[in-house]
Amino acid sequence: MIDNIFDKDKTKLGFIGLGLMGSRFLRRLNAEGWIVRGWNRSRAATLPLKKYGFAIDDTLGDLVRGSDVLLSSLANDDAVRATYLEEDGVLAHVQPETTILEMSTISPELSGLLHQEARKRDVEMMDLPVSGSTPAVDSGTITLFAGGEPDTFNRCIPIFESIAKQWYLMGPATAGIRMKLVANLLLGVNMEAIAEAVSLGEHLQLNRDLLLDVLPKTAVIAPAFLGKFQKIKAGDYAPQFPLHLMSKDMDLVDSAADQSGAVLPATSSTKHIFEDALAGRGELDLSAITTYVQTLAKEEIPIG
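(A) Spotlight on the pattern of salt bridges. Here the structure, examined in full by the defined rule, presents 16 salt bridges. When the shortest N-O distance is used, the salt bridge between R37 and D57 registers 3.1 Å. In this pair, R37 sits in strand β2 (residues 35-39) while D57 sits in the loop between α2 (47-51) and α3 (60-65), placing the two residues 20 residues apart along the sequence. Residue K120 is joined to E117 by a salt bridge in which the shortest nitrogen-to-oxygen separation is 3.1 Å.

In structure tokens form, the structure reads like this:
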């Protein structure tokens, strides 16, 4: 029997960060019957949510003090550091015995610091990054990688059940973040490889639409990329996972490799390609890397 398992009828959730991912998590938790409020650094982003009746706090302190469990989904290390560690941040207001589920993709070093500061305040914390972009959040099919204490993980399972298809305790503090970097290495390198494959197919004068229809039916394409082919085919790069966040994650992977001694030549090359592709594409979906690779084409040589 798990002690103090979180109950949606009694547990007050606070969600920090209401961007592409966070706003969807707020909607899903609300739809699943949780008592949930939200807060975002940019108040303009909260106006559509308020319009549809979601509970949004005006100050971070109000949200933090009024929550049993805090969840956060923020863009990068700078946003997480400011939200948690600044003078009026989360850790200035958090109450003892609160649970924090930090879902952002950040550096293991910053994640470790947050765990350390949480312990000083008698706060239970898990790093809980997400594998899956906005369609998976909408459908509740994301995967969660957790780092922290088993008791905390087990108490949170009802929350996980409301937002995810599967969840794994990867180990102690920062293990979830470390696993997320491993997964996102594959995401970035594979997306860039798909961009190159499409470019090669076009240069070999294959029918582009047929190429984009057939390639995702082959055994070499992972399920996570199936929807990207339709985006490429339609030229619709509305963001599900923005290119600038993929570039940020490749920087984190590269840094982690340097610190751990791993040698990752394909990752290093992909990191630089994403960096070079950001101009004019940073806010588009990561599949827009295809348009950048196409600009690298040499003069076409006739086939046959």
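Right, picking up where we left off after that structure.
(B) Up close: the nonpolar core. The biggest cluster of nonpolar side chains holds 32 residues, and the ones touching the most others in it are F25, L101, M103, L144 and I159. Of all elements in the fold, only β1 (12-16), α1 (22-31), β3 (69-72), α7 (134-139), β7 (142-147) and α9 (157-163) reach the threshold of two or more residues within this core. For this core, the leading source of residues is α9, giving four residues. Excluding residues that lie within four positions of it along the chain, I159 makes contacts with F6, L13, L29, W34, V69, L71 and L101. The next biggest cluster of nonpolar side chains, apart from the first, holds 26 residues, and it includes I221, I232, Y237 and L243.

(C) Expanded view of the packing of helix α10 (residues 175-203) against helix α13 (residues 243-260). It is at 9 Å that the axes of α10 and α13 come closest, and there the two elements cross at 125°. In terms of their interaxial angle, α10 and α13 are classed as oblique. The two elements α10 and α13 cross, and the hand of that crossing is left-handed. Here L181, N184, L185, L187, G188 and V189 of α10 come into contact with α13, specifically with M246, D249, M250, L252, V253 and A256. Classifying every residue of the contact of α10 with α13 by side-chain character gives nine nonpolar, two polar and one charged.

(D) Up close: helix α14 (residues 265-277). Helix length check: α14, at 13 residues, gives a terminal C-alpha distance of 19 Å against a target of 18 Å (1.5 Å per residue), a fit within 8%. By the burial criterion, the buried members of α14 are T267, T270, K271, I273, F274 and A277. Each buried residue of α14 sits inside an arc of 165° when the element is viewed along its axis, so together they form one side. The elements touched by buried residues of α14 are α10, α13 and α15 (289-295).

About the cut-offs
- Numbers given to residues run from 1 along each chain, matching the order in which its sequence is written.
- Note on the predicted model: pLDDT of at least 70 is required for a residue's local features to be given, and 80 or more for side-chain atom pairs to be given and counted; whole-chain, interface and lining totals, by contrast, use all residues.
- To obtain the side-chain values, all non-hydrogen atoms of the structure were used and water was disregarded.
- A pair is scored as a salt bridge if a Lys or Arg side-chain nitrogen falls within 4 Å of a carboxyl oxygen belonging to Asp or Glu.
- Helical segments are the DSSP runs of H or I of at least four residues, strand segments are the runs of E of at least two, and each set is numbered from the N terminus.
- We define a nonpolar core as any set of buried Ala, Val, Leu, Ile, Met, Phe, Trp, Tyr and Cys residues linked to one another through side-chain atoms lying within 4.5 Å.
- Note on classification: 1.4 Å probe, protein chains only; a residue is buried when its accessible area is under 20% of the maximum for its type, exposed when over 50%, partly exposed between these limits.
- Contact between two residues is taken to exist if any of their heavy atoms lie within 4.5 Å; hydrogens are not considered.
- The axes used here are C-alpha line fits, helices contributing only the stretch in contact, and every angle between their N-to-C directions lies in the interval 0 to 180 degrees.
- Any angle that falls under 35 degrees is termed roughly parallel, while one over 145 is termed roughly antiparallel, one within 65 to 115 roughly perpendicular, and all others oblique.
- A clockwise turn of the near helix away from the far one marks a right-handed crossing, whereas an anticlockwise turn of less than a right angle marks a left-handed crossing.
- Polarity classes work like this: nonpolar for Ala, Val, Leu, Ile, Met, Phe, Trp, Tyr, Cys and Pro, charged for Asp, Glu, Lys and Arg, and polar for all others, with Gly in that last group.
- Take the number of residues in a helix, subtract one, and multiply by 1.5 Å to get its expected span.
- In this description, the arc belongs to the directions extending from the helix axis to the C-beta atoms.

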